[in-house]
Amino acid sequence: MARFARRASLLAFLGFALALGSAAPTYAADPAIATGFASARADGMMLGILLAVLVLQIAGWAITRDPSIPFYLAFVITLGLGELLRGGMLPSTHAIPPLAMFAFLNGLTGIASFGFVTVYLRLWQDARRMFWMLLAVEAPKSLVTIAFALIPALQPYAEVVRAPSFLIGILVTLPIALLRARRFPPGFSLASAFGFLMLAVIYRVLRQFTGLDSPLLDRWLYEIAAAADVLLFGIALIVRARYVVRERRGLEVRLEVATAAAEHDPLTGALNRRGLFSRAATKRASGTLFFLDVEGCDPVEAVAALRGVAPEYALVARIDGDQFVVVTREGTGRPEVLANRFADAVAAHASIGFVMLDGMPFENALRIAGANAYRAKASRRTSEV
């Protein structure tokens with residue numbers, strides 16, 4: 001996996017190098033040639049950045065398996081294919097005119113963007129109402145875009161509806177991302193990406209319907225904004241992955257705390273019955289189980305005293321009011337000697353029963369040791385009378 005990540009990083013570096021090389025100044029005596037070079041540099045820069053981000057995200061998905069990355073990859077691929085088609089670098093057939101293919105790619109880009117936003121913001125899991133709001137806008141928009149690709153009479157107008165449809169999608173997605181960010185902070189990163197792209201789309205819409213014209217913005221604004229948008233989306237994915245990792249770790253810590261609370265006696269801090277069974281009864285073990293019925297001793301002091309004399313790695317549990325259990329490993333001393341030490345440690349009336357585990361089911365061993373302790377208690381009371 002590490003080798004794959006290194007290779008992906010190298011390919012990404014080459015993509016960025018392609019982008020920078022494409023942006024290098026080129027001089028020509030003929031203005032027409034200079035204009036052609038400028039156009040090629042713009043397309044090359046964007047495609048180089050798209051390639052670099054694409055490779056990096058493939059590496060990121062191989063490592064993190066983030067479910068939003070495949071949708072993002074589809075978004076980048078369809079966007080890149082659209083730019084290749086716009087630049088005349090993607091071959092087309094007579095059966096599928098370039099305008100139809102371009103509109104169809106736009107529709108696929110919209111579907112991929114919808115899937116990416118839904119998964120990224122976890123709308124289906126945590127914000128179902130926002131999911132339906134986004135779907136209510138994106139579904140008709142994508143259907144209309146694809147219709148312009150499939151219906152010959154509408155194909156000449158495919159480019160006209162492209163920018164407004166993008167703007168509608170952004171104007172809906174941006175507030176959804178900001179609202180979702182209140183509970184899911186990575187939404188701010190996603191909103192910043194859409195906000196940057198919105199500037200270029202607004203210019204496209206204004207240019208179509210107001211006559212606004214700027215050759216510099218026409219040639220560079222959308223390409224730069226789209227490339228920056230792809231980079232910002234990539235950063236947003238990193239932010240999301242880090243947040244999810246921290247969130248998962250937080251859940252694991254809370255689960256560990258809750259498990260510890262459920263398996264320990266709140267008064268003494270010793271294991272309770274559930275905690276004792278979870279640690280000692282998962283498999284048939286060897287060692288010795290001591291059952292102590294203690295009278296006239298504070299439970300906190302009893303646990304502290306038992307821990308003080310118990311062998312290393314022994315389990316100390318309070319399974320009832322005055323009932324305590326100590327489980328020792330094999331080879332930690334003679335059981336009779338340990339039983340006397342436990343009795344002396346609590347300095348009170350203690351009835352002790354023990355049993356060698358030797359692969360015996362833990363519940364059976366606990367029952368036998370308890371019965372031995374009760375017999376010792378009855379015998380002590382008889383002798384005292």
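Shown above is the structure to which this text applies.
Structure report, in brief.

Basis of the calculations
- Residues numbered from 1 in each chain as written.
- Predicted model: local features only at pLDDT ≥ 70, side-chain atom pairs only at ≥ 80, totals over all residues.
- Heavy atoms only, no water.
- Pairing = 2+ DSSP bridges.
- Helix = DSSP H or I, 4+ residues; strand = E, 2+ residues; numbered from the N terminus.
- Axes fitted to C-alpha atoms, helices over the stretch in contact; angles between N-to-C directions.
- Buried < 20%, exposed > 50% of the residue type's maximum accessible area, 1.4 Å probe, protein only.
- Contact = heavy atoms within 4.5 Å.
- Polar contact = N/O pair within 3.5 Å; in protein donor to acceptor, adjacent residues only side chain to side chain.
- Salt bridge = Lys/Arg side-chain N within 4 Å of Asp/Glu carboxyl O.
- Patch = residues over 30% accessible without salt bridge, like charges linked within 9 Å, V, L, I, M, F, W, Y side chains within 5 Å.
- Areas by Shrake-Rupley, 256 points an atom, 1.4 Å probe, with all protein chains shown as cover.
- Core = buried A, V, L, I, M, F, W, Y, C linked by side-chain atoms within 4.5 Å.
- Phe/Tyr/Trp six-rings, centres within 6.5 Å; stacked < 30°, edge-to-face > 60°.
- Lys NZ or Arg CZ within 6 Å of the ring centre and 35° of its normal.
- Expected span 1.5 Å × (residues − 1).
- Arc of directions from axis to C-beta.

**Focus on the sheet that holds strand β1 (residues 288-295)**
For step 1, the next point in the chain: Spatial strand order, β2-β3-β1-β4: 4 strands in an open sheet with antiparallel pairing. Across the chains shown, the open sheet's two edge strands, defined by having one partner strand only, are β2 (315-318) and β4 (349-356). Averaged over all neighbouring strand pairs, the angle between strand axes comes to 15°, with direction disregarded.
For step 2, the next point in the chain: Inspection of the sheet shows β1 paired to strand β3 (residues 323-328) by 6 bridges, in the antiparallel sense.

**A look at the environment of Glu 138**
For step 1, the next point in the chain: With respect to the helices, strands and loops of the structure, Glu 138 is situated in helix α6 (residues 128-150).
For step 2, the next point in the chain: For Glu 138, a relative accessible area of 6% puts it in the buried group.
For step 3, the next point in the chain: Here the alpha-carbon distance between Glu 138 and Val 172, two residues 34 residues apart in the chain, equals 9.0 Å.
For step 4, the next point in the chain: Residues contacting Glu 138, with those up to four places away along its chain left out, are Gly 110, Phe 114, Gly 169 and Thr 173.
For step 5, the next point in the chain: Of note is the side chain of Glu 138, whose polar atom sits 3.1 Å from the side chain of Lys 141.

**Section: unusual backbone geometry**
For step 1, the next point in the chain: We note that Tyr 313 has phi near 70°; this positive angle belongs to a residue other than glycine.
For step 2, the next point in the chain: Within the fold, Tyr 313 resides in the loop between α11 (299-309) and β2.
For step 3, the next point in the chain: Judged by relative accessible area, which is 55%, Tyr 313 ranks as exposed.
For step 4, the next point in the chain: With a phi angle near 50°, Asp 358 is a residue other than glycine that sits in the positive phi range.
For step 5, the next point in the chain: Mapping Asp 358 onto the fold places it in the loop between β4 and α13 (362-384).
For step 6, the next point in the chain: According to the relative accessible area criterion, Asp 358 is exposed, its value standing at 58%.

**Observations concerning the environment of Leu 73**
For step 1, the next point in the chain: Tracing the backbone shows Leu 73 in helix α3 (residues 69-86).
For step 2, the next point in the chain: On the accessibility criterion, Leu 73 (14% relative accessible area) is buried.
For step 3, the next point in the chain: C-alpha separation for the pair Leu 73 and Trp 61, spaced 12 residues apart in sequence, amounts to 9.7 Å.

**Brief notes about the side chain of Ser 68**
For step 1, the next point in the chain: Inspection of the secondary structure assignment puts Ser 68 in the loop between α2 (31-64) and α3.
For step 2, the next point in the chain: Not counting residues within four places of it along the chain, the set of residues in contact with Ser 68 comprises Phe 116, Val 119, Tyr 120, Leu 237 and Arg 240.

**Section: the pattern of salt bridges**
For step 1, the next point in the chain: Applying the stated rule across the entire model yields 9 salt bridges.
For step 2, the next point in the chain: When the shortest N-O distance is used, the salt bridge between Asp 126 and Arg 122 registers 3.3 Å.
For step 3, the next point in the chain: Judged by its relative accessible area of 47%, Asp 126 falls in the partly exposed class.
For step 4, the next point in the chain: Residue Arg 122 is classed as buried on the basis of its relative accessible area of 15%.
For step 5, the next point in the chain: With its nearest N and O atoms 2.9 Å apart, the salt bridge here joins Glu 295 to Lys 377. Of this pair, Glu 295 sits in strand β1 while Lys 377 sits in helix α13; the two residues are 82 residues apart in sequence, bridging distant segments of the chain.
For step 6, the next point in the chain: With relative accessibility at 15%, the residue Lys 377 sits in the buried group.

**Focus: a nonpolar patch on the surface**
For step 1, the next point in the chain: On the surface, a cluster of nonpolar side chains totalling about 240 Å² of accessible area is made up of Phe 104, Leu 108 and Ile 111.
For step 2, the next point in the chain: By secondary structure assignment, the location of Leu 108 is in helix α4 (residues 98-120).

**A few points about the nonpolar core**
For step 1, the next point in the chain: By size, the foremost hydrophobic cluster in this structure holds 38 residues, and its most contacted members are Phe 116, Val 117, Leu 121, Leu 123, Leu 190 and Phe 233.
For step 2, the next point in the chain: Going through the elements one at a time, α3, α4, α6, α7 (158-180), α8 (187-210) and α9 (215-262) are the ones with two or more residues in this core.
For step 3, the next point in the chain: Leaving out residues up to four positions away in the same chain, Val 117 has contacts with Leu 123, Leu 134, Thr 173, Leu 190 and Phe 194.
For step 4, the next point in the chain: If you look at the next biggest cluster of nonpolar residues, it comprises 18 residues, including Ala 270, Leu 306, Phe 342 and Ile 352.

**Considering the packing of aromatic side chains**
For step 1, the next point in the chain: A full pass over the atoms with the stated rule returns 12 aromatic pairs.
For step 2, the next point in the chain: Here the aromatic rings of Phe 184 and Tyr 243 are separated by 5.2 Å at their centres, their planes lie at 85°, and the arrangement is edge-to-face. With Phe 184 in the loop between α7 and α8 and Tyr 243 in helix α9, this pair connects stretches of sequence that are 59 residues apart. Like Tyr 243, Phe 184 is buried.
For step 3, the next point in the chain: Over the ring of Tyr 120 we find Arg 240; its NZ or CZ atom is 5.7 Å from the centre of that ring.

**Quick notes on α6**
For step 1, the next point in the chain: Here α6 spans 32 Å end to end across 23 residues, near enough to the 33 Å set by a 1.5 Å rise per residue.
For step 2, the next point in the chain: Inspection of α6 places Met 130, Phe 131, Leu 134, Glu 138, Lys 141, Ser 142, Thr 145, Ile 146, Phe 148 and Ala 149 among the buried residues, and these make up the whole buried set.

**Considering helix α10 (residues 273-280)**
For step 1, the next point in the chain: Taken as a whole, α10 has its buried residues at Gly 275, Leu 276 and Ala 280. Seen end-on, α10 carries its buried residues on one side only, within an arc spanning 105°.
For step 2, the next point in the chain: Between a side-chain oxygen at the N-terminus of α10 and the backbone nitrogen of Arg 274 the separation is 3.2 Å; the capping residue is Asn 272.

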